[in-house]
Amino acid sequence: MNKIFEKGGKLYWLHSSVDAFETFLHVPGTVTLKGSHVRDAIDLKRLLILVVFAAAPAALFGMWNVGYQHGLAMGQTGVHILEYFWFGFLRVLPLYIVSYAVGLAIEFASSQIRGEEVSEGYLVSGFFIPLIVPVDIPLWMLAVAVAFAVIFGKEVFGGTGMNIWNPALLTRAFLFFSYPNYMSGSECWIAFKKGETAVADAFTGATPLALDGPAQYGTGFWDLFIGTVPGSVGETSVIAILLGACLLLWTGIASWKIMCGSIAGALLVGWIGNVAGVTEIPFYMQLLYGGFAFGTVFMATDPVTSCQTECGKWIYGLLIGMLCITVRLFNPGYAEGMMLAILLLNTFAPLIDHCVTSVHINRRAKKLNVA
Amino acid sequence: MSETIVLKRGLDIPVNGCASLLVSKSMNPAVVAVEPGCIKGLLPRLLVKEGDRVLCGSPVIADKKNPDILLTAPASGTVKAVVRGEKRKLLAVLIETDDKQEYVDFGAKDPSGLSAGEIKAEILRSGLWPVLVQRPYGILADPEAAPKGIFVSAFNTAPLAADTEFTLGSELPAIQKGIDALARIAPVHVSLNGALASSVFAKLGGCTLHSFKGRHPAGNVGVQISHISPIRKGETVWTVSLHALAAIGKLFAAGRFDLRRKVAVTGPAAIEPSYVETLPGTPMKDFAAFYGSLADEIRFISGDLLSGACVGHDGYLGLFDDQVTLIREGVDKELLGWIRPFRFNQFSNDRSYFSWLLPRHKWDMDTNLHGGPRPFLMNENYYTKVLPMDIYPVFLAKACLAGDIEKMEKFGIYEVLPEDLALCEFVDPSKNYIQDIIARGIDLMLKEMA
């Protein structure tokens, strides 16, 4: 790196940023200093860009769906698929610009203050945030929420790898509690141009979860599975999310134990709800509604905020699934429980780990005593 | 004899430069070095001065705490120089060898007629004591300690490591003698590679034989101990390398301090890697035939790629090592390396690269870090895939970073040395120096427990 950016140089206050761009362009010529003389070619940039690739199908489908839902609401027919996509792309692009601009600015500044290299963590968070918010959210609200999540959810704990809560979900939670009017109701999930309102009479804009009882059957299995329903940008299409899940599981970045645990927990509570007569929604449909699939695949499996131990991952996943469906079934005021289920379990993940490692320590102590 | 212990977790790093099984050269270095720095826990006191004549086995350095513990000259000649570093720290004693190789005669003795105390006194007197390593912490063995066992690994799984069957298969009688001697002090456990019938060391008697099968670090004695008889708080065990065991055997068989050994010269930068016969303390410059004119571009490692010491072109072969690794310094930048879908010239154990498509390929690795240091991000199982021990490596490393003695104890600091977690460091995408973290944790334990 140029001398003026080194310690003592005139532009030292920019060194983290310069370093970030430099290492973005190429793998630096840094050599190992001690310990293992050779290192695996893997680094966090590679791992995290794969998570972005994994979420790309959901994002691309989501952009198309934004256009499609707008078309439905406006009663348009015969619109080309690319037109839908272009409409959605133009609506989602500002969300991305705001998400990355605000988040990365804070990330760069705090790395600079700490005197560390800029971590790649926000690459993923910044990609997820536009996918889990309503497409019509005012941009200033998004900016405030991102700033809150990055500063108070991440940087105050010491940056990437140190955070307790998933920053992307924290953004959504902040929006949900601060600006509830924009985050619920029947029309917030559809993109409208200024002055537009829904014209199609038969159109039900609300997400199935916001409707009561049998009205939820208004959206069929395949609509939900493919994702041609209103909702946050990236979370409607289960099949696109499954594509991403395959990549994450194959590379081992996400834990299959968390995913399986979450699905098992959701099915269990959904089934209890069926048997007890609380709901008429078939239990397997719970997996397709709302943000369950996206949360299970991309949010719950975040290695930083999930449990660290293998046994803990089962418990963590199971509780997320159970809690999510419990909120859906028993809380009339708030229809979707995935976000809060994950954030709550993020909070309890260290406790679960503590219990699992305590058992491990006791078992080791016993084994050593008989050895 | 127990059953074969199969270790499923581990990784053999597919790196180029394995030594072919032939001794290409028998070296008689003009200068050898005695370096006290490679023995953890030794406070060196100099016993010679420049110009003194020494024989092979003459005391050169003693331990300040226990003057019975000696380091002796590996070759006969005259003391050429005493190398000191900052604050006059003793770094090395250089001995200019003569070509006579005269030995101090310690007298051949039959270990079966000696008591444990007499065996210890004999080993101390010869200067072979420092080859005994005491666990926990991997320090110089305490002659007063009563170890619950002495553990020897008869094979090495580290990258490009010397093939012990080739280097020591012909020295069975000496190894047997060494076992007979050490067995008077404590029960000896020898771990063999794979099925018993296939190992030349299966003929050894007077010890308990164990059989291990698996990828690296299955050959690490620490991993083996954790499966044979894990170390409890308050217990000590000793470990000794197989070639040092042969040296102890030769002491009792011939009354000589003889550390001559076959050394594997390996590594992707080595020209025609093969074995040489030489002494510990041999200067790296004497291996010139293996690196030609590349001295400025390569790293000289005494030991293996994962835990060996970077000694530099002016360095010397370590007391414990039977391997020299030569590897290119990876100072080149790679444009957009991390985002390229294929990087067939780089090895990764992670599925996000495509090394798994080439299971038999050997890579020309270099010392590039392939990234920048970050906090721990991946979970335990990312690391335990290469650690066949009942230990949570990230929790242990974090306990060491926090300096939390109680947690370090609970997470198993007694059972590990940095080398056992070397592969965790290799695969770490956050590029932490895990071995260094563990080593500093061990130093803290030593300080607090003293």
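Here is what the cut-offs are and how they apply
- Residues numbered from 1 in each chain as written.
- Chains lettered and ligands numbered in written order.
- Predicted model: local features only at pLDDT ≥ 70, side-chain atom pairs only at ≥ 80, totals over all residues.
- Helix = DSSP H or I, 4+ residues; strand = E, 2+ residues; numbered from the N terminus.
- Rg over C-alpha atoms; globule rule 2.2 N^0.38 Å.
- Buried ≥ 20, exposed ≤ 12 C-beta atoms within 10 Å, placed from the backbone.
- Axes fitted to C-alpha atoms, helices over the stretch in contact; angles between N-to-C directions.
- Parallel < 35°, antiparallel > 145°, perpendicular 65-115°, else oblique.
- Contact = placed C-beta atoms within 7 Å.
- Nonpolar A, V, L, I, M, F, W, Y, C, P; charged D, E, K, R; others polar.
- Pairing = 2+ DSSP bridges.
- Domains from an automatic or database assignment.
- Arc of directions from axis to C-beta.
- Core = buried A, V, L, I, M, F, W, Y, C linked by C-beta atoms within 7 Å.
- pLDDT = per-residue confidence, 0-100.
- Left-handed = near helix turned anticlockwise from the far one by under 90°.

Chemist: Where do I start with the overall build of chain B in this structure?
Modeler: On a plain count of helices and strands, chain B comes out with eleven helices and 21 strands. Its C-alpha atoms give chain B a radius of gyration of 22 Å, within 12% of the compact-globule value 22 Å for 450 residues. The principal-axis extent of the C-alpha atoms belonging to chain B is close to 65 × 50 × 50 Å. Residues classed as buried in chain B amount to 54% of the 450 residues present.

Chemist: What is the right way to read the packing of helix α2 (residues 44–73) of chain A against helix α9 (residues 238–251) of chain A from this model?
Modeler: Residues and elements named next belong to chain A. Two elements in contact, α2 and α9, have axes whose closest approach is 8 Å; the angle formed by their N-to-C orientations is 170°. Taken together, the axis directions place α2 and α9 in an arrangement best described as roughly antiparallel. Residue-level inspection shows Leu50, Val51, Phe53, Ala54, Ala55, Pro57, Ala58 and Phe61 of α2 in contact with α9, the latter providing Ala240, Ile241, Leu243, Gly244, Leu247, Leu248 and Thr251. Residue composition of the contact of α2 with α9, grouped by class: 13 nonpolar, two polar and no charged.

Chemist: How should I be thinking about the sheet that holds strand β10 (residues 133–135) of chain B in this particular structure?
Modeler: Two strands in a sheet stick together by hydrogen bonds in their backbones, pointing the same way (parallel) or opposite ways (antiparallel). Residues and elements named next belong to chain B. Pairing is mixed across the open sheet formed by seven strands, whose spatial order is β1-β14-β13-β12-β15-β10-β11. The sheet is open, and its two borders are formed by β1 (4–7) and β11 (139–140), each paired with just one other strand. Here strand β12 (residues 150–153) pairs with strand β15 (residues 237–239) via two bridges, running parallel. Each bridged residue has a counterpart across the sheet, and for phenylalanine 151 the counterpart in β15 is threonine 239. Docked against the sheet, helix α4 (residues 221–228) engages β1, β12, β13 (188–193), β14 (208–214) and β15, running at close to 125° with respect to β12.

Chemist: Can you walk me through the interface of chain A and chain B in this structure?
Modeler: In many analyses, interface size is given as the accessible surface area lost on bringing the parts together. In this complex, chain A contributes 44 residues to the contact, which on the side of chain B involves 63 residues. The set of elements that each furnish at least two residues to the side of chain A that touches chain B consists of α1 (15–25), β1 (26–27), α2, α9 and α13 (338–370) of chain A. Take the side of chain A that touches chain B: its biggest share by element is six residues, from α2 of chain A. Broken down by class, the residue content of the side of chain A that touches chain B amounts to 18 nonpolar, 17 polar and nine charged. Bridge analysis of β1 of chain A against strand β21 (residues 334–335) of chain B gives two bridges, and the strand direction is antiparallel. Residue pairing for β21 of chain B: valine 27 of chain A is matched across the bridge by glutamate 334 of chain B.

Chemist: How do you make sense of the domain arrangement of chain B when you look at a structure like this?
Modeler: Along its sequence, chain B is organised into domain 1 (5–14 + 107–254), domain 2 (28–97), domain 3 (262–339) and domain 4 (380–449). Look at where the C-alpha atoms of domain 3 of chain B and domain 4 of chain B centre, and you get two points 27 Å apart.

Chemist: What is the right way to look at the sheet that holds strand β7 (residues 70–72) of chain B in this model?
Modeler: All names here are of chain B. Within the open sheet, the three strands sit side by side as β4-β6-β7. Their pairing is antiparallel. At either margin of the open sheet sits one strand with a lone partner, and together these are β4 (44–46) and β7. Adjacent strand axes in the sheet meet at a mean angle of 30°, parallel and antiparallel pairs treated alike. In terms of strand pairing, β4 meets strand β6 (residues 59–63) through three bridges, oriented antiparallel. Across the sheet, arginine 45 pairs through a bridge with alanine 62, a residue of β6.

Chemist: It is not clear to me how the environment of glutamine 323 of chain B should be interpreted in this structure. Could you clarify?
Modeler: Residue and element names in this part refer to chain B. Checked against the element boundaries, glutamine 323 lands in strand β20 (residues 323–328). According to the C-beta neighbour criterion, glutamine 323 is buried, with 26 such atoms within 10 Å. Between the C-alpha atoms of glutamine 323 and tyrosine 275, which are 48 residues apart in sequence, the distance is 8.8 Å.

Chemist: Would you mind showing me how to read the environment of glycine 71 of chain A here?
Modeler: Residue and element names in this part refer to chain A. Inspection of the secondary structure assignment puts glycine 71 in helix α2. With 58 residues separating them in the primary sequence, glycine 71 and isoleucine 129 have C-alpha atoms 24 Å apart. If we ignore the near neighbours within four places in the chain, the residues touching glycine 71 are Gln76, Val79 and Tyr84.

Chemist: Just to check I follow, could you spell out helix α1 (residues 116–126) of chain B for this structure?
Modeler: All names here are of chain B. Ile119, Lys120, Glu122, Ile123 and Ser126 are the residues of α1 that are buried. In an axial view of α1, the angular spread of the buried residues amounts to 160°, which keeps them on one side of the axis. Its buried side turned inward, α1 meets β7, α3 (172–182) and α5 (242–254). Once α1 ends, the next one or two residues include glycine 127, with phi positive near 90°.

Chemist: Can you help me understand the nonpolar core in this one?
Modeler: If you look at soluble globular proteins, the nonpolar side chains tend to sit buried side by side. Among the nonpolar cores identified, the biggest contains 231 residues, and Ile342 of chain A together with Ile248 and Leu396 of chain B are the most heavily contacted of them. With residues up to four places along the chain from it excluded, the contact list for isoleucine 248 of chain B reads Ile123, Leu128, Gly178, Ala181 and Leu182 of chain B.

Chemist: Sorry, what's going on with the pairing of strand β8 (residues 77–84) of chain B here?
Modeler: Walk down a regular strand and you will see the side chains alternate between the two sheet faces. Residue and element names in this part refer to chain B. When strand β5 (residues 53–54) meets β8, the two strands line up antiparallel, connected through two bridges. Following the sheet pairing, valine 54 is matched in β8 by glycine 77. Relative to strand β9 (residues 90–97), β8 runs antiparallel, the two being bridged by seven bridges. From the neighbouring strand, valine 82 faces β9, where its bridge partner is valine 93. Once β8 ends, the chain turns through five residues before running back antiparallel as β9, passing lysine 87 with a positive phi of about 55°.

Chemist: Where do I start with the confidence of the model for chain A in this structure?
Modeler: Low pLDDT means the predicted atomic positions in that stretch should not be read closely. All names here are of chain A. Residues of chain A with pLDDT of at least 70 account for 88%, and the chain-wide mean is 84. In this model residues 199–208 is a low-confidence stretch, pLDDT under 50, and it forms 27 contacts with partners more than four residues away in sequence or in other chains. In this model residues 210–218 is a low-confidence stretch, pLDDT under 50, and it forms ten contacts with partners more than four residues away in sequence or in other chains.

Chemist: Is there a simple way to think about the packing of helix α3 (residues 81–114) of chain A against helix α5 (residues 139–153) of chain A in this case?
Modeler: Angle between the axes and distance between the axes: these two values describe a pair of packed helices. Residue and element names in this part refer to chain A. Where α3 meets α5, the axes come as close as 9 Å, and the angle between the chain directions of the two elements is 35°. Here α3 and α5 pass one another in a crossing that is right-handed. Between α3, through Pro94, Leu95, Val98, Ser99, Val102, Gly103, Ile106 and Glu107, and α5, the contact on the second element is made entirely by Leu139, Leu142, Ala143, Val146, Ala147, Val150 and Ile151. Considering only residue class, the contact of α3 with α5 consists of twelve nonpolar, two polar and one charged.

Chemist: Would you mind going over α3 of chain B with me for this structure?
Modeler: Since the α-helix advances by 3.6 residues per turn, residues separated by three or four positions end up pointing in the same direction. All names here are of chain B. Most of α3 is tucked away: nine of the eleven residues are buried. Regarding α3, the residues found buried are Ala174, Ile175, Gln176, Lys177, Gly178, Ile179, Asp180, Ala181 and Leu182. In the core, the buried residues of α3 are packed alongside α1, β12, α2 (164–168), β13 and α5.

Chemist: Any chance you could explain unusual backbone geometry here in plain terms?
Modeler: All names here are of chain B. Residue proline 136 is bonded to the preceding arginine 135 through a cis peptide linkage, with omega at 0°. Here proline 136 is to be found in the loop between β10 and β11. A cis amide bond, omega 5°, links histidine 216 with the succeeding residue proline 217. Examined against the element boundaries, proline 217 turns out to sit in the loop between β14 and α4. In this structure, arginine 88 is a non-glycine residue whose phi angle is positive, near 55°.

Chemist: It is not clear to me how the confidence of the model for chain B should be interpreted in this structure. Could you clarify?
Modeler: With 99% of its residues at a pLDDT of 70 or more, chain B shows a mean pLDDT of 91. Under the prediction, the complex receives an ipTM of 0.89, its pTM being 0.90.

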